[in-house]
Amino acid sequence: MASSAEPRQAASQRSAGNGPRRDTPITRIGRGLAYLWHDPVLASGLALGALLVVVAALGPLVWTASPFAIDVGSSLQPPSLTHPMGTDSVGRDLLARFDQGARISLATGAIVVVVSALIGGAIGITAGYLGGWLDILLMRMIDAILAFPPLVLAMAVTVGLGVGVTTSAIGIILTAVPFYARLLRSDVIRLKALPLIEATAALGATRTRIMLRHILPHLVSTLLIQAASVFGYAILSLAALGFVGLGAQVPTPEWGTMITNGLQYALTGQWWIALFPGLGLLLAVTATSQIADRGRDIFDPRSR
Amino acid sequence: MIRFMGVKLASGLAAIFGASILAFIFLRIVPGNPARLILGPLATQQAIDAQITTMGLREPIYAQYLNYMGGFLRGNWGFSYSAGQPVTTQVANRLPATVELALYAFLFAFIAAVVLAVLSTYRRRAIIDGTVRGLAIIGLSMPPFWFGILVLMLFFSYFGILPGPEGRLSPTTAAPDAVTHLYTVDALLHGQFATFLDAVWHLILPAITLGLAPFAFLVRLLRANLLDVSHEAFIVVVRSKGIGRLWAFARHALPNAFLPTLTAAGLILAQLLSGSVLVEKVFNWPGIGALVSDSIVRQDYAVVQAFILLSAFCFVVVNIIVDLLYHVIDPRVRVS
């Protein structure tokens, strides 16, 4: 709720001269849509994102072909009415695999975003608010993670824990935690100096209560913007790990591994195997980075 | 100044130390049985026990860590059983190809970013600016390995104007005599123009593919910096002294806009390092990235481990150098 508070507030200030205005959920949605009309970048990002969510959620229900069924008789067929995205080298239907791949990518992205936000948020807020030796210890841990190029550390984790989607997700979470922790820590240090926090402490609020009830709400917009960028980073990294063979393993219809599979056929004329999963990736990441970009502009006018 | 350098060096060393512990945890402690990884699934229990002892895995954890890091620092990066040679030899053989590719990728990224950032900010045409911003978003969202396949399909398979994934030179071209091991430089040094052109011809697609992400990142940063700087008071002063718009932009705004991009050097190195693993595989480029991705497929993890630790070292060292350089170049940061 707090996420959309600022534009809404701006909108109600603008209409303040026209007398009181009813504020029902429907007028709120209407105003939101009216705002999107003037912001084509955000609108197209949201529309693209919604489209991919619909494809992931409903695709396998509408297009009921099995993503695993092998049919060697109809291998390497170009896109047609029976196989809108064609078939791969063992005759699996690529549209069904695309839909499943969308599920895997979006679900992994969502899990990575939430888990790394929880861990990174907790680290950032406690380090920033409590300070002292805890801050030093936590930030040195974050520095150790940041000493690696992110994708390389994710590779190290999957090599250590064993290949697969779950271990890849763990690796990506580990590399995404510093994004949140660093940012939130500096925000908290800035907030901590505000009179409102001092006043709350003077009223006898506990440290936990101050962190959760009085500091956290101020961080929601930062968290949301960061979540959007981490989401794009997560699905791109998952595909990259899948592409080099550390992510999803062979029959799993993950976009990155599907591209690896298409690599050897791309130059012999079977362009469709690698094309569609890459397109899905590109659209998903473009949508989230558009949302993140505009979100930053809207919530943080200084960055404009 | 001395104090500042000391702090930076100390924090860099702390980061390397932390990173090496992290790498040690994931690369040496967690993966089940390193002896079995080396000897393969068919080895007898006796052989594995012997291997565990020779590898020093019965010693306490801290001693194992010290042995491991000591070996790494002395250049003992393990033995690649799939290639039958030390990892150091392999890395040394593969390094020049990666360096050459990364160099040209960076050149492409930097030049393209400067040109487009200047175009989009000098005359504020909405169309140009919108296109550049769009390119930046797409470049950052693009999976590099997929982009590589796409340009290969387009320029090799369909148009047939650029070479396919056959490495650094055509099969019919002999490599120039090694001086720097960079084919373009060596060919020029020996005056072999045909070889030089062939090498450049083979570099175009991989370099653009690898440079795409750094390009997108740089063009965004430069564009934002240029817009910021052109609103600064000193630009107004320069203009009011009667200096033309172009000169004020080229001589006064541009150099100042370049400064903050220096801090991005570490990030660009990270993009090039992890990008090379993805891109070299697509183009059959005989570099370290392809070595790593091949080793992953063969489960020859000694190579992967060396790559991971090396990347961390390079990354931290570059970041320290950047911090120190920035301190020297931009006096403003010394105050804060």
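Calculation criteria
Residues numbered from 1 in each chain as written. Chains lettered and ligands numbered in written order. Predicted model: local features only at pLDDT ≥ 70, side-chain atom pairs only at ≥ 80, totals over all residues. Heavy atoms only, no water. Helix = DSSP H or I, 4+ residues; strand = E, 2+ residues; numbered from the N terminus. Buried < 20%, exposed > 50% of the residue type's maximum accessible area, 1.4 Å probe, protein only. Contact = heavy atoms within 4.5 Å. Areas by Shrake-Rupley, 256 points an atom, 1.4 Å probe, with all protein chains shown as cover. Expected span 1.5 Å × (residues − 1). Bend = angle between axes of the 7 residues up to and from the residue. pLDDT = per-residue confidence, 0-100. Patch = residues over 30% accessible without salt bridge, like charges linked within 9 Å, V, L, I, M, F, W, Y side chains within 5 Å. Salt bridge = Lys/Arg side-chain N within 4 Å of Asp/Glu carboxyl O. Buried area = accessible area lost by both parts, 1.4 Å probe. Polar contact = N/O pair within 3.5 Å; in protein donor to acceptor, adjacent residues only side chain to side chain. Phe/Tyr/Trp six-rings, centres within 6.5 Å; stacked < 30°, edge-to-face > 60°. Lys NZ or Arg CZ within 6 Å of the ring centre and 35° of its normal. Axes fitted to C-alpha atoms, helices over the stretch in contact; angles between N-to-C directions. Left-handed = near helix turned anticlockwise from the far one by under 90°.

## What to know about the overall build of chain A
- Counting its regular elements, chain A contains 12 helices and zero strands.
- Each helix (α) and strand (β) of chain A, taken in turn from the N terminus, gives the series α-α-α-α-α-α-α-α-α-α-α-α.
- For chain A, the spread of C-alpha atoms along the principal axes amounts to about 75 × 55 × 30 Å.
- Within chain A, buried positions represent 49% of all 304 residues.
- The contacts in chain A between residues at least 6 apart in sequence include a share of 68% that link residues at least 24 apart.
- With the model as given, the accessible surface of chain A reaches about 14,200 Å², and the carbon-plus-sulfur share is 69%.

## Here's the deal with the environment of Ala156 of chain A
- Relative to the elements of secondary structure, Ala156 of chain A occurs in helix α6 (residues 150–161).
- Look at Ala156 of chain A and you get buried, because its relative accessible area is 1%.
- For Ala156 of chain A and Leu246 of chain A, which are 90 residues apart along the polypeptide, the C-alpha to C-alpha distance reads 9.8 Å.
- Those residues in contact with Ala156 of chain A that lie beyond four places of it in its chain are Phe26, Leu27 and Ile308 of chain B.

## Describing helix α9 (residues 193–230) of chain B
- The end-to-end C-alpha separation of α9 of chain B is 44 Å, well short of the 56 Å expected for 38 residues at 1.5 Å each.
- In α9 of chain B, a bend of some 45° at Leu212 of chain B exceeds every other bend along the element, and Pro214 of chain B, a proline, comes one to four places later.

## A few points about the confidence of the model for chain A
- Mean pLDDT over chain A stands at 82; residues scoring 70 or higher make up 91%.
- Below a pLDDT of 50 lies the segment residues 1–17 of chain A, which in the model reaches 12 contacts outside its immediate sequence neighbourhood of four places, other chains included.

## Re the environment of Leu259 of chain B
Residues and elements named next belong to chain B.
- Structurally, Leu259 can be placed in the loop between α11 (245–258) and α12 (265–283).
- Among the residues examined, Leu259 registers a relative accessible area of 16% and is labelled buried.
- Separated by 70 residues in sequence, Leu259 and Ile329 have C-alpha atoms that sit 8.1 Å apart.
- In this structure Leu259 touches Tyr326, Ile329, Asp330 and Arg332, once residues within four positions along its chain are discounted.

## Things to note about a nonpolar patch on the surface
- Judged by side-chain polarity, Phe106, Leu107, Phe110, Ile111, Val115 and Leu119 of chain B come together as a nonpolar surface patch covering roughly 510 Å² of accessible area.
- Given a relative accessible area of 34%, Phe106 of chain B falls into the partly exposed group.

## What to know about the interface of chain A and chain B
- At the junction of the two partners, chain A supplies 45 residues and chain B supplies 46 residues.
- Summed over both sides, the interface between chain A and chain B buries roughly 3,700 Å², with carbon and sulfur atoms accounting for 82% of that surface.
- The interface formed by chain A and chain B holds one salt bridge in total.
- Between Asp293 of chain A and Arg220 of chain B there is a salt bridge whose closest N-O contact spans 2.9 Å.
- Where chain A touches chain B, the interface holds five residue pairs in polar contact (both at pLDDT 80 or more).

## Re the side chain of Thr200 of chain A
All names here are of chain A.
- Relative to the helices and strands, Thr200 is located in helix α8 (residues 195–202).
- Only 2.5 Å separates the side chain of Thr200 from the backbone oxygen of Leu196, close enough to count as a polar contact.
- Setting aside chain neighbours within four positions, we find Thr200 in contact with Ala205, Ile210 and His214.

## Here's the deal with the packing of aromatic side chains
- Within this structure, the stated rule accounts for 16 aromatic pairs over all chains.
- Relative to Tyr233 of chain A, the ring of Phe179 of chain A has its centre 5.5 Å away and its plane inclined at 80°; by these criteria the two rings are edge-to-face. On the criterion of sequence distance, the pair formed by Phe179 of chain A in helix α7 (residues 165–192) and Tyr233 of chain A in helix α10 (residues 220–244) is long-range, its members being 54 residues apart.
- Here Tyr233 of chain A falls in the buried class, since its relative accessible area comes to 18%.
- Ring centres of Phe72 of chain B and Phe313 of chain B lie 5.8 Å apart, and the angle between their planes is 20°; this geometry places the pair in the stacked category. Of the two residues, Phe72 of chain B sits in helix α4 (residues 61–73) while Phe313 of chain B sits in helix α14 (residues 301–329), which places them 241 residues apart along the sequence.
- Look at Phe72 of chain B and you get buried, because its relative accessible area is 8%.
- Clustering of aromatic rings is evident, with ring pairs tying together Trp271, Trp272 and Phe276 of chain A.
- Above the face of the Tyr122 of chain B ring, Arg245 of chain B is positioned so that its terminal group lies 4.6 Å from the ring centre.

## Re the packing of helix α5 (residues 87–122) of chain B against α9 of chain B
- Remark: α5 of chain B packs on α9 of chain B, axes separated minimally by 6 Å, with the N-to-C direction vectors making an angle of 40°. Along this stretch, α5 of chain B crosses α9 of chain B, giving a crossing that reads as right-handed.

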